[in-house]
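Chains, contacts and geometry: an overview
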Amino acid sequence: MPEKTNLITVYVASGQIEAEIVKGRLESEGVPAILRYESAGLIYGLTIDGLGQVEVQVPISLAQHAREILTDV
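Residues numbered from 1 in each chain as written. Predicted model: local features only at pLDDT ≥ 70, side-chain atom pairs only at ≥ 80, totals over all residues. Heavy atoms only, no water.

Evaluation of the coordinates by the stated rule reveals 3 salt bridges. Across the salt bridge formed by Arg25 and Glu29, the nearest N and O atoms sit 2.7 Å from each other. The exposure class assigned to Glu29 is partly exposed, which follows from its relative accessible area of 39%. A salt bridge links Glu55 to Arg36; the nearest nitrogen and oxygen atoms lie 3.1 Å apart. Separated by 19 residues along the polypeptide, Glu55 in strand S3 (residues 54–59) and Arg36 in strand S2 (residues 34–37) bring together distant segments of the chain. Its relative accessible area of 23% is what places Glu55 among the partly exposed residues. Owing to a relative accessible area of 48%, Arg36 belongs among the partly exposed residues under this scheme. (Salt bridge = Lys/Arg side-chain N within 4 Å of Asp/Glu carboxyl O. Buried < 20%, exposed > 50% of the residue type's maximum accessible area, 1.4 Å probe, protein only. Helix = DSSP H or I, 4+ residues; strand = E, 2+ residues; numbered from the N terminus.)

This is the structure we're talking about:
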């Protein structure tokens, strides 16, 4: 995976399970992805008012392809 500075968020999930599903979909299509967690939501298990949001990030060079994959979901 490229350095974090070369990553862009292509999807914001409302929780870890949703984010893992999206990440798996991208990886099954050959797009490497990482999850970026909002720390308070992860620690306390909250999914209210933005807490618990998880960003799915991919390399910038693959962002358009990733968005096309996610459009088909």
